[in-house]
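Inside the fold
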Amino acid sequence: MELSGARVMVAGATGVLGGAITAEVAGRGALVALAGRDPSRLAHAARSYPGAPTARFDAYDPASCARAVHDTAAALQGLDAVVIAFGTVAFGAAQEVGDEVAEHLMAVNHLAPAAFFRAALGILRPGSVVAAVTGVVAERPQPRMADYSASKAALRAWLDAVRREARSAGVGVLEIRPGHLDTGFAQRPVAGTAPPLPGGGDPRQLAAAVADALAADAELLRTSPDGTPVVERRSR
Ligand SMILES: NC(=O)c1ccc[n+]([C@@H]2O[C@H](COP(=O)([O-])OP(=O)(O)OC[C@H]3O[C@@H](n4cnc5c(N)ncnc54)[C@H](OP(=O)(O)O)[C@@H]3O)[C@@H](O)[C@H]2O)c1
């Protein structure tokens, strides 16, 4: 897709990665819409984009996810890309992580992105893209992160299946599957404590690769073992 002039909604624009993706695509000429949970953080993030529409949602409320798509599409007279950059994590051995936390991770990391995309797929035109951040745990589940890994693997599977459904409508599906990033995400878990982690990748470098992947109609953005983002036109 041509990013200049494209109408791009970023859900999770209040996060570090979501903020970097918003800045990157706006810098390449896209018209951005910002969706987020926290009203004051959302207002703060939107200050850099005068006139950009904003929408509030909570990942726990699928109707609010669909509303965010419809409201921002109405404000921009359509959308060309919907990028999901929100998510949450928990740490701990499987028997320590309670059922509620496991359900929370599945709701935020899998079901809410699916709710956004269900709404988006109803309105997007051929040539549009939906994109979501999974993570390397979707292909390499980690101990003490079983429920987080499972929620991201579920989203990855969902994207793989929906990609094949959406092809006939001319809508692309991009999976963004990064390794560890320096965003502080691991220090904001809903439960547990992060293990000691090595330095992560630069979220701005990944955001630039996300914009490249959108522009190239790519299906997968992953991180190579040396931490460099790799854009793959086809996911398999
Ligand atoms: N950082 C990493 O190492 C890494 C690696 C691989 C994948 N990822 C993925 O990258 C994504 C972005 O994370 P980040 O690194 O940018 O961390 P971040 O700065 O903590 O961003 C997390 C975002 O998720 C939002 N969020 C959390 N729970 C929510 C809920 N219930 N409803 C709505 N929004 C909610 C937060 O909103 P508020 O502003 O309201 O809190 C924030 O915008 C996540 O999906 C994460 O799994 C991160």
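The sections below set out a description of the structure shown in this document. Numbers given for residues are sequential positions, taken from 1 along each chain in its written order. In view of the model being predicted, local features appear only for residues whose pLDDT reaches at least 70, and side-chain atom pairs are presented and counted only at 80 or more, with totals across whole chains, interfaces and linings using the full set of residues. Only hydrogens and water are set aside when side-chain values are computed; all heavy atoms of the structure are taken into account.

1. Comments concerning the site of the ligand
Residues are classed as near a molecule or strand on a simple rule: at least one heavy atom within 4 Å of it. In the vicinity of the ligand, 27 residues are found, and the nearest of them are T14, V16, Y148, L181 and T183. A distance of 2.7 Å separates an oxygen atom of the ligand from a polar side-chain atom of Y148. In protein, a polar contact means a hydrogen-donor-capable atom and an acceptor-capable atom, both N or O and within 3.5 Å, with residues adjacent in sequence counting only if both atoms are side-chain atoms; elsewhere, any N or O pair within 3.5 Å suffices. For the ligand, an oxygen atom lies 3.2 Å from a polar atom in the side chain of H180. In this text, helices come from DSSP runs of H or I with a minimum length of four residues, and strands from runs of E with a minimum of two, each type numbered from the N-terminal end. Of all the secondary structure elements, the ones that give two or more residues to the shell around the ligand are α1 (16-27) and α5 (146-167).

2. Focus: the side chain of S151
Relative to the helices and strands, S151 is located in helix α5. What makes two residues a contact is simply this: any of their non-hydrogen atoms within 4.5 Å. Aside from chain neighbours lying at most four places away, what touches S151 is L105, M106, N109 and H110.

3. Re the nonpolar core
We call a set of buried Ala, Val, Leu, Ile, Met, Phe, Trp, Tyr and Cys residues a nonpolar core when their side-chain atoms join them within 4.5 Å. Per-residue accessibility, obtained with a 1.4 Å probe over protein chains only, is compared with the maximum for each type, and a residue is labelled buried under 20%, exposed over 50%, and partly exposed between these values. Of all hydrophobic cores here, the largest spans 36 residues; its most connected members are V8, I21, V25, L34, L174, I176 and L214. By residue number, the principal contributor to this core is helix α6 (residues 203-215), which donates seven residues. Excluding its chain neighbours within four sequence positions, the residues that come into contact with V25 are L3, V8, A30, V32, A211 and L214. Ranked by size, the runner-up nonpolar core spans 34 residues in total, among them A35, L79, A120 and V173.

4. Some remarks on the pattern of salt bridges
Between side chains of opposite charge, a pair can form as their charged atoms come close. We define a salt bridge as a contact between a side-chain nitrogen of Lys or Arg and a carboxyl oxygen of Asp or Glu at a distance within 4 Å. Under the defined criterion, the tally for this structure stands at 13 salt bridges. Note that D202 and R204 form a salt bridge whose closest N and O atoms lie 3.5 Å from each other. Taken together, the salt bridges that share partners define one network made up of D160, R163, R167, E219 and R234.

5. Describing the pairing of strand β4 (residues 81-84)
Residues A81 and V83 of β4 are buried on one face, and the alternating residues V82 and I84, pointing to the opposite face, are buried as well. Note on pairing: two strands pair once DSSP finds at least 2 bridges between them. Pairing analysis gives four bridges linking strand β1 (residues 7-11) to β4, with the strands arranged parallel. In the sheet register, A11 faces β4, and the bridge partner there is I84. Seen with its strands pointing away from the viewer, a crossover is right-handed when the path leading from the first strand over the helix to the second is clockwise. The β-α-β motif built from β4, the intervening helix α4 (residues 99-121) and the parallel element strand β5 (residues 129-133) has right-handed crossover chirality.

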